[in-house]
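# Remarks on the overall topology
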Amino acid sequence: MASIFSRIVAGEIPSYKIAENDKFFAFLDINPMAKGHTLVIPKHEVDYIFDIDDTTLAEMTVFAKQVAEAIKKAIPCQRVGVMVLGMEVPHAHIHLIPIVKESDMLLSNPKLKLEAPEFEEIAHAIKFYL
Ligand code: AMP
């Protein structure tokens, strides 16, 4: 069965898209740790990130870097934190999280509750810099 992220790529489930090319897709995390929290995924479904072949993983990192640079410009932050977990969704993804301090990356932090217009505004702001 296709992962929820494959269904997002296919357009079967809505998302706040940030960027895409033929191999990768970036969209806002629906339970963000910070405004601008973005997920970068390969379109081809692979569960564990280090099962991705070397060339694709390198390309995915460069794609994530471009998205992170746009996030950094659009969202006031010190830097964009990078995290890989994959404990919830078995489709490899890189979390890009704007942070101002180390504790902004703590998984125990309460997630933000944002309404659709705010997600749309954030996505629009990030896309401006891509
Ligand atoms: P993990 O697999 O532990 O890295 O966490 C999966 C992440 O995917 C969590 O941060 C979720 O909030 C996020 N997530 C799950 N479903 C969706 C969705 N439909 N749209 C956007 N983000 C999602």
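Values in this document were obtained by computation on a predicted structure and should not be read as measured data. Within any chain, residue numbers begin from 1 and follow the written order of that chain's sequence. Totals for whole chains, interfaces and linings use all residues, but because this is a predicted model, local features are given only for residues with pLDDT of at least 70 and pairs of side-chain atoms are given and counted only at 80 or more. Where side-chain values are given, they derive from all heavy atoms of the structure, hydrogens and water being excluded.

Next up on the list: the overall build of the chain. Secondary structure summary: the chain contains 3 helices and 5 strands in total. Counting from the N terminus, the helices are DSSP H or I runs at least four residues long and the strands are E runs at least two residues long. Tracing the chain from N to C terminus, the helices and strands come up as α-β-β-β-α-β-β-α. Along the three orthogonal principal directions, the C-alpha set of the chain runs to about 35 × 30 × 30 Å. For the chain, the residues scored as buried account for 45% of the 130 residues in total. A fraction of 58% describes how many contacts in the chain between residues 6 or more apart in sequence connect residues 24 or more apart. Note on areas: Shrake-Rupley with a 1.4 Å probe; residue coverage comes only from the protein chains shown. With an accessible surface of roughly 7,700 Å², the chain has 56% of that area assigned to carbon and sulfur atoms. Between the averaged position of the 13 positive side-chain charges in the chain and that of its 18 negative side-chain charges there is a distance of 6 Å. Partly exposed describes any residue whose relative accessible area lies between the buried limit of under 20% and the exposed limit of over 50%, with all areas from a 1.4 Å probe on protein chains only and scaled to the type maximum. Contact definition: two residues touch when any of their heavy atoms are within 4.5 Å. A residue counts as positive if it is Lys or Arg and as negative if it is Asp or Glu; His and the chain ends are not included. Charge positions come from single atoms, namely NZ of Lys, CZ of Arg, CG of Asp or CD of Glu.

Let us now look at the packing of aromatic side chains. For Phe, Tyr and Trp, rings pair up if their centres lie within 6.5 Å, where Trp contributes its six-membered ring, and each pair is then called stacked (planes under 30 degrees apart), edge-to-face (over 60) or tilted (otherwise). The final tally for this structure, using the stated rule, is 6 aromatic pairs. Ring geometry for phenylalanine 25 versus phenylalanine 27: centroids 5.9 Å apart, planes at 50°, classification tilted. As far as the burial class goes, phenylalanine 25 and phenylalanine 27 line up, both buried. On the basis of an interplanar angle of 85° and a centroid distance of 4.9 Å, the ring pair of phenylalanine 128 and tyrosine 129 is categorised as edge-to-face. Through pairs of rings, three or more aromatic residues link up here, namely Phe5, Phe25 and Phe27.

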